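Secondary and tertiary structure notes
What follows is the residue order along each chain.
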Amino acid sequence: MREVTVSRVVDATPAELSEWLDPPTIVRAEGSFDVKAVEDRDDAVIVLASGPGMALPLRFEDRDGAIYYTQEGEQGPFSHMETWIELEDAAGGTRVAIRSSVSLSAPLPFGDRIAAWKRKGECSRLLEELADAFE
């Protein structure tokens, strides 16, 4: 399993960013998957994300003021994937920190390293989209 972390200060309040950071928008902004369905549950939001040749359910929860999401169930490319998005006040706006750990389910040489590289790109795209939305 590998962990990646990216962060950026965005010129917006935590409340403004929280409103923008809804589960379907997060999935779209990461850039790898389309949103096929959204299911609101009492304890979570499930986004069915689809891409070339696959679909995977992502479970979004609020955990201690952070956005937490993970691949739900066994369906998908990861044996493990979880992501935390945390917001904190910073000079010039709000620091958005994204931390994600990932492990690929396919037995490929350097598979976790490749998955972490791709995941870091997705998290960085999310931060770019978020910053662009508030410029």
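Refer to the preceding data block for the structure.
Described below are features of the structure shown in this document.

Procedures and definitions
- Residues numbered from 1 in each chain as written.
- Predicted model: local features only at pLDDT ≥ 70, side-chain atom pairs only at ≥ 80, totals over all residues.
- Heavy atoms only, no water.
- Helix = DSSP H or I, 4+ residues; strand = E, 2+ residues; numbered from the N terminus.
- Buried < 20%, exposed > 50% of the residue type's maximum accessible area, 1.4 Å probe, protein only.
- Polar contact = N/O pair within 3.5 Å; in protein donor to acceptor, adjacent residues only side chain to side chain.
- Contact = heavy atoms within 4.5 Å.
- Axes fitted to C-alpha atoms, helices over the stretch in contact; angles between N-to-C directions.
- Left-handed = near helix turned anticlockwise from the far one by under 90°.
- Nonpolar A, V, L, I, M, F, W, Y, C, P; charged D, E, K, R; others polar.
- Pairing = 2+ DSSP bridges.

Here's the deal with the side chain of R119
Tracing the sequence through the fold places R119 in helix α3 (residues 111-133). Residue classification places R119 among the buried positions, given a relative accessible area of 2%. One polar contact links R119 to E30, side chain to side chain, over a distance of 3.1 Å. A polar side-chain atom of R119 sits 2.9 Å from a polar atom in the side chain of T83. Among all residues touching R119, those that are not within four sequence positions of it are V4, E30, Y69, M81, T83, S100 and V102.

Quick word on the packing of helix α2 (residues 23-30) against α3
Each pair of packed helices can be described by the angle between their axes along with the distance between the axes. It is the contact of α2 with α3, at a shortest axis distance of 7 Å, that shows an interaxial angle of 115 degrees. The hand of the α2/α3 crossing is right-handed. Facing I26, A29 and E30 of α2, the residues of α3 in contact are R119, E122, R125, L126 and E129. Split into classes, the residues belonging to the contact of α2 with α3 amount to three nonpolar, no polar and five charged.

Concerning the sheet that holds strand β7 (residues 93-104)
With respect to topology, seven strands assemble into an open sheet ordered β1-β7-β6-β5-β4-β3-β2, the strand pairing being antiparallel. On the outer flanks of this sheet lie β1 (2-10) and β2 (34-40), each paired with one strand and no other. On average, each strand axis in the sheet is tilted by 20 degrees relative to the strand beside it, whichever way the strands run. Its contacts with the sheet put α3 on β1, β5 (66-71), β6 (78-90) and β7, and the angle it makes with β1 is roughly 15 degrees.

A look at the pairing of strand β3 (residues 45-51)
Counting buried residues along β3, five of its seven residues qualify, which places the element largely inside the surrounding structure. Of the strand pairs in this sheet, β2 and β3 are connected by six bridges, and their pairing is antiparallel. Within β3, the residue paired with D34 across the bridge is S50. Taking the residues between adjacent antiparallel strands as the criterion, β2 and β3 are bridged by four residues. Sheet analysis places β3 next to strand β4 (residues 54-63), joined by seven bridges and oriented antiparallel. The residue of β4 that forms the bridge with S50 is A55. Between the end of β3 and the start of β4, which pair antiparallel, lie two residues, with G53 showing a positive phi angle near 75 degrees.

Such coordinate-based values are descriptive only and should not be taken to indicate function.
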